[in-house]
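Listed here are the chains, written in short residue letters.
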Amino acid sequence: MAAEWRRTTIGSEVTLQRGFDITKKEQRPGKVPVVSSSGISSYHDTYAVPGPGVVLGRKGTLGTVFYLEGNYWPHDTTLWVKDFHGNDPKFAYYFFKSLKLSHLDVGSANPTLNRNHVHPIEVLWPPLPIQRRIAEILGALDDKIEVNRRINRVLEAMAQALYKHWFVDFGPFQDGEFVESAVGLIPKGWRVGSVLEQAELLSGGTPKTSNPDYWGGRILWASAKDVSQCGESFLLLTERSITPLGFSNSSTKMIDAFSTVVVARGATTGRLVLFGTDMAMNQTCYALRSRAGCHFTLYCQMRHIIEGLVRAAHGSVFNTITTDTFKTSRVLLPPEPILSRFEAQINPIFQMILTRQNESRTLAATRDYLLPKLLSGEISVEVAEGVVAQAV
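Residues numbered from 1 in each chain as written. Predicted model: local features only at pLDDT ≥ 70, side-chain atom pairs only at ≥ 80, totals over all residues. Heavy atoms only, no water.

Caption draft 1: Expanded view of the overall build of the protein. Along the backbone of the protein there are ten helices and 21 strands. Each of the three principal axes of the protein carries a C-alpha extent, and together these read 75 × 50 × 45 Å. With 392 residues in all, the protein has 48% of them scored as buried. The contacts of the protein with a sequence gap of at least 6 include a subset with a gap of at least 24, amounting to 70%. Total accessible area on the protein is roughly 19,100 Å²; 51% of this is exposed by carbon and sulfur atoms. Here the protein carries 41 positive and 37 negative side-chain charges, and the mean point of each set is 4 Å from the other. (Helix = DSSP H or I, 4+ residues; strand = E, 2+ residues; numbered from the N terminus. Buried < 20%, exposed > 50% of the residue type's maximum accessible area, 1.4 Å probe, protein only. Contact = heavy atoms within 4.5 Å. Areas by Shrake-Rupley, 256 points an atom, 1.4 Å probe, with all protein chains shown as cover. Lys, Arg positive; Asp, Glu negative; His and termini not counted. Charge placed at Lys NZ, Arg CZ, Asp CG, Glu CD.)

See below:
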C-alpha cells in the first residue's frame, strides 16, 4: 500500500444527509430523476441537489449506491452525499459500492440505515490523484458495459421492428393473396390459433427452502424477481442456485437456453426474458419453447402479444397468467417455412446481443474483483490499469 494512504473516518471525508420526502402527487412532469433506495423511481421538474451526486439506500433496500451526473432529487428513503470535502465524487461512489452496509440495519420492521452509524466507520483513504485514477479505471469498465447495453437495446429494437414488418404489416407478403380471419386480413395459407400450437409450455417449482442441502449448488434457479429485474434480452445469472439434490426432490425442471420465460403472477406479471443458458425456475413463471426451433421468433411474438395476455389474466389481488390464458390466446400462425426464414434473419441479431451480454458479464466480474482490492490498496492502480486495458 502506498504510504500516502491514510486512516480516517467516513464522516471526515464525506457528509451524508437524509433525503427529502416527496409524494407522487407532489411531483410534476420533468426530467429531474427522483432517486429512491431502489434507484430512479420517477421524474420531477425541480431538483433538490445539484449534481454530480452519490445516493445510498437508507430505508427498505440498504446498501444500494447510485451515481448521478446531473441534478437530482434524493428521496426520503435515501442518504445523499451533502459534502464531498474536496474528494472525487465518482471515487466516493465506488467506495460506497465496496462497503457492506446492510449489517448496520437499525430498523425494527423496515430495514433502515442511520448516517450516524456510517460516519464513524474507520477506513483507509487515498489522496485525490489516486482517487481519480481509481474512478477512471472502474469507470472504464462501467462505460463499456453501458455501451454494450445501449447497442443491445438498438439491436433488439431492430429485431422487434423486423417482426412487426413481417407479421403485423405483412411487408414481404403484400403482393400475395389475403383472406379474412378472426384478426382481420391475413396472407393466404396462414391461420389464427393458440400460442400453444407452436410452443410447448413449461412450469417450474421450488425446492424446500428449509433444507440447506437443496440450495447453493451449481444449478441456476430463476425466480420472478430475476426475470423482472433483468432489464436485458437474456437472463444469464440468478440470485439463487440449487443443488442436484434440490432439483431432483422438487417439481422444478431444467429449461433450455433460448426459451422465453414469462412472469405469471404478482406485481410484475407479463415481464419476460430469454434464458441465456440452461437453468431451472420457480412456479411463478412459465417457459415457452418453440416447437419448430424458432426461439427468437417466438420471443418477438411474445413481446408483441404480452400486453393482451396480461389484460386477459385474472386474479384476486394481482393478475395471474394461467395455462388457460395461453390456451385461449388467439395469435397469428404463419407456416413453418416462413417462421424459419424469419428466424434465420434475426438469429444473428440475438447472437450479437448474447455475445455483448456475456462480454459485459466478464467486465462486471473484473470490476467487482478489482473494486475491493483497489479501495483497500491491495492492488496498485498501475496493475489495475493493465488489467482493464486488456479487458476493454
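Caption draft 2: How the structure looks around the environment of Lys-100. Within the element layout of this structure, Lys-100 appears in the loop between helix H2 (89-98) and helix H3 (115-118). Under the relative-accessibility criterion, Lys-100 is labelled exposed at 65%. For Lys-100 and Thr-64, which are 36 residues apart along the polypeptide, the C-alpha to C-alpha distance reads 9.5 Å.

Caption draft 3: Fine view of the pairing of strand S8 (residues 78-83). By the bridge criterion, four bridges tie strand S2 (residues 15-18) to S8 in an arrangement that is antiparallel. If you follow Thr-15 over to S8, its bridge partner there is Asp-83. (Pairing = 2+ DSSP bridges.)

Caption draft 4: Quick peek at the nonpolar core. Judged by nonpolar contacts, the single largest core of 44 residues is most densely connected at Met-302, Phe-326 and Phe-350. Of all the secondary structure elements, the ones that give two or more residues to this core are helix H4 (128-167), strand S18 (272-275), strand S20 (285-290), helix H7 (295-312), strand S21 (331-333) and helix H9 (336-376). No other element matches H7, which puts nine residues into this core. The contacts of Phe-326, once residues within four sequence positions are left out, are Ser-194, Val-195, Leu-196, Leu-201, Tyr-286, Leu-288, Met-302, Leu-309 and Ile-321. Formed by 41 residues, the second largest nonpolar core is a distinct cluster that contains Leu-16, Leu-113, Leu-371 and Leu-374. (Core = buried A, V, L, I, M, F, W, Y, C linked by side-chain atoms within 4.5 Å.)

Caption draft 5: Region of interest: the pairing of S20. Burial analysis of S20 places six of its six residues in the buried class, the great majority of the element. On S20, burial covers both faces: Cys-285, Ala-287 and Arg-289 on one face and Tyr-286, Leu-288 and Ser-290 on the other are all buried. Where strand S13 (residues 199-203) meets S20, five bridges bridge the pair, whose relative direction is antiparallel. From the neighbouring strand, Ala-199 faces S20, where its bridge partner is Ser-290. Across four bridges, strand S17 (residues 260-263) lies against S20 in antiparallel orientation. Within S20, the position partnered with Val-261 by the bridge is Ala-287.

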